[in-house]
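Listed below, chain by chain, are the residues.
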Amino acid sequence: MSAAGRRRHDDMPTVREIVRRPAWVLLVLLVALGLNIGAAFLPIAPFLKTAFHLIVAAGTVALIAFIFMEMEKKGPTIRLFAAAGFIWIAILFLLIFSDYGIRR
Amino acid sequence: MTAARITPAEKAALREPWEDIARQRQAVELGMWAFLASELLFFSGLFAGYTIYRSIYPQAFWEAGAETSLWFGGANTAILLISSAVVALVPRAARWPGLGRFARAMLWIGALLGVAFLVLKGFEYREDFHEHLWPGPDFKLHAEGAELFFSFYWCLTAIHAVHLVVGICLLARLAVAGARDPGWFTETPAVQATALYWGLVDIIWTVVFVIIYLPGRGG
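Residues numbered from 1 in each chain as written. Chains lettered and ligands numbered in written order. Predicted model: local features only at pLDDT ≥ 70, side-chain atom pairs only at ≥ 80, totals over all residues.

For this particular structure, what's the right way to read the overall build of chain B?
Along its length, chain B carries eight helices and zero strands. Along the chain direction, N to C, the helices and strands of chain B fall in the order α-α-α-α-α-α-α-α. Relative to its 219 residues, chain B shows a buried fraction of 45%. (Helix = DSSP H or I, 4+ residues; strand = E, 2+ residues; numbered from the N terminus. Buried ≥ 20, exposed ≤ 12 C-beta atoms within 10 Å, placed from the backbone.)

Laid out in structure tokens, this is it:
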């Protein structure tokens, strides 16, 4: 059975059904952006601000990857490939902070 | 699975060495994620350099960050987030012949939002040059390390902009090719690959925005 044959016209989603989820996620991301910008002006230690910014950024990246880029629907092989870049970056920064992070 | 069962639309989208479109789609997606991982590592070199120099010159990076335009940076971040949501609709819709026009419209809207990002970036760069924020003899700031911050600013934003230009071309190319051959458009894995690339462009910008535009605010 071809891929087109499996897709019956009756199963076709409406535009509203397609838009709903990404639209909600977009709303969350825009609120997160607003929170991040607002937090930048709080009178707290720069270290805490930076940590907050990076946590919000990590959440934003996760939502883009899982929902917008549909990683949530993928099998373990594609997830492994997708995670590879992030894992190597994590190792890179672990090595950097094992030196620069503890310098006085 | 035999070649006789392949529809004309699938035949148009099928490439060597694959014998059926489902496998081609899986392979393209896997290869695309591997490519995106390599792109992340490409940018991670700049992120790592930024992190090291920020740990050496924390005060200068803080002062220099306050000189960037949060208005331009914030507006462009919102534009890219909206464009990502719009482009995310394309693979969800393109596989249904009845939604092909909608999917192609989303491609054009995504491309136009990308162009809007570049236009704002152009205005921002003009302001930066006017403010003498290009590292060199007339550089505005005097703190040691501030020039390094702006070296990262120019490198990161310019390389990201190059990626965005490539993304805009890919979106437009897909929209044009899809309008010419709607059958091909429902089957080609290029739809998924292009949407993934656009997602990565947004992911990179999310990090760039946080490390370039947010430091130094609020005193």
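Back to the text.
Where do I start with helix 3 (residues 46-68) of chain A in this structure?
The periodicity of an α-helix, 3.6 residues per turn, causes residues three or four places apart in sequence to face the same way. Residue and element names in this part refer to chain A. Over its 23 residues, helix 3 extends 31 Å from the first C-alpha to the last, a length consistent with the 33 Å expected when each residue adds 1.5 Å. Regarding helix 3, the residues found buried are Lys49, His53, Val56, Ala57, Thr60, Ile64, Ala65, Ile67 and Phe68. Remark: glutamate 70 follows helix 3 within two positions and exhibits a positive phi of approximately 60°. (Expected span 1.5 Å × (residues − 1).)

Help me understand the interface of chain B and chain A, please; the structure alone is not making it clear to me.
Frequently, the measure chosen for interface size is the accessible area removed from exposure when the parts meet. In this assembly, 50 residues from chain B lie in contact with 44 residues from chain A. Listed by contribution, the elements that provide at least two residues to the side of chain B that touches chain A are helix 1 (8-13), helix 2 (21-56), helix 4 (70-94), helix 7 (182-187) and helix 8 (190-212) of chain B. If one sorts the elements of the side of chain B that touches chain A by residue count, helix 2 of chain B sits on top with 15 residues. In the side of chain B that touches chain A, the residues fall into 30 nonpolar, 12 polar and eight charged. (Contact = placed C-beta atoms within 7 Å. Nonpolar A, V, L, I, M, F, W, Y, C, P; charged D, E, K, R; others polar.)

Sorry, what's going on with the environment of A:Phe66 here?
Residues and elements named next belong to chain A. Residue placement: phenylalanine 66 occurs in helix 3. Its 16 C-beta neighbours within 10 Å are what place phenylalanine 66 among the partly exposed residues. Residues phenylalanine 66 and arginine 79, 13 residues apart in the sequence, show an inter-C-alpha distance of 9.8 Å. Those residues within four positions of phenylalanine 66 in sequence are excluded, and the remaining contacts are Met71 and Glu72.

For this particular structure, what's the right way to read the nonpolar core?
Taken as a class, soluble globular proteins show a tendency for nonpolar side chains to be buried jointly. Counting 75 residues, the largest nonpolar core has B:Leu89, B:Val90, B:Leu107, B:Phe149, B:Leu196, B:Ile204 and B:Val208 as the members making the most contacts within it. Of all the elements in the fold, those that place two or more residues in this core are helix 2 (15-39) and helix 3 of chain A together with helix 2, helix 3 (58-65), helix 4, helix 5 (100-130), helix 6 (146-180) and helix 8 of chain B. Broken down by element, this core gets its largest block of residues, 17 residues, from helix 8 of chain B. (Core = buried A, V, L, I, M, F, W, Y, C linked by C-beta atoms within 7 Å.)

Explain the environment of A:Phe52 to me, please; I cannot follow it from the model alone.
As for its placement among the helices and strands, A:Phe52 is situated in helix 3. When the C-alpha atoms of A:Phe52 and A:Leu80 are compared, they prove to be 27 Å apart, with 28 residues separating the residues in sequence.

Before we go on, may I ask you to explain the confidence of the model for chain A in this structure?
Any region with low pLDDT has predicted coordinates that should not be read closely. Residues and elements named next belong to chain A. Confidence in the prediction of chain A, expressed as mean pLDDT, is 89, and 89% of residues score 70 or more. Element-level pLDDT for chain A is lowest in helix 1 (residues 3-6), with a mean of 49, against a maximum mean of 97 in helix 2. Within the model, pLDDT remains below 50 along residues 1-5, and this stretch shows 14 contacts once partners closer than five positions in the same chain are excluded. (pLDDT = per-residue confidence, 0-100.)

Which parts of the structure should I look at to understand unusual backbone geometry?
Among all residues except glycine, the phi angle is most often negative; among peptide bonds, the trans geometry is most common. Of note, the bond from B:Glu16 into B:Pro17 is cis; its omega dihedral lies within 30 degrees of zero at 0°. If you trace the backbone, B:Pro17 turns up in the loop between helix 1 and helix 2. Positive phi outside glycine occurs at A:Glu70, with the angle close to 60°. Along the chain, A:Glu70 turns up in the loop between helix 3 and helix 4 (76-97). On the neighbour-count criterion, A:Glu70 (18 C-beta atoms within 10 Å) is partly exposed. With a phi angle near 60°, B:His132 is a residue other than glycine that sits in the positive phi range. Mapped onto the elements of the fold, B:His132 is located in the loop between helix 5 and helix 6.

Explanation requested: the confidence of the model for chain B in the structure shown.
Of all residues in chain B, 98% attain a pLDDT of 70 or more, and the chain-wide mean is 94. Overall fold confidence for the complex sits at a pTM of 0.92, while the interface term, ipTM, reaches 0.93.

I'm lost on the packing of helix 3 of chain B against helix 6 of chain B in this one. Help?
Geometry of a packed helix pair, given as the angle between the helix axes and the separation of the axes. All names here are of chain B. Between helix 3 and helix 6, the shortest axis-to-axis distance is 8 Å and the interhelical angle comes to 55°. Considering the angle they form, helix 3 stands oblique to helix 6. The way helix 3 lies across helix 6 gives a crossing that is right-handed. Of helix 6, the residues touching helix 3 (which contributes Ala60, Phe61, Glu63, Ala64 and Gly65) are Ala146, Phe149 and Phe150. Here the residues of the contact of helix 3 with helix 6 sort into six nonpolar, one polar and one charged. (Axes fitted to C-alpha atoms, helices over the stretch in contact; angles between N-to-C directions. Parallel < 35°, antiparallel > 145°, perpendicular 65-115°, else oblique. Left-handed = near helix turned anticlockwise from the far one by under 90°.)

Teacher, can you tell me more about the packing of helix 4 of chain B against helix 5 of chain B here?
Residues and elements named next belong to chain B. The geometry of helix 4 relative to helix 5 is characterised by a closest axis approach of 8 Å and an angle of 165° between their N-to-C directions. The angle between the axes of helix 4 and helix 5 places the two elements in the roughly antiparallel class. The crossing of helix 4 and helix 5 is left-handed. When its residues are assigned to classes, the contact of helix 4 with helix 5 shows 21 nonpolar, five polar and two charged.

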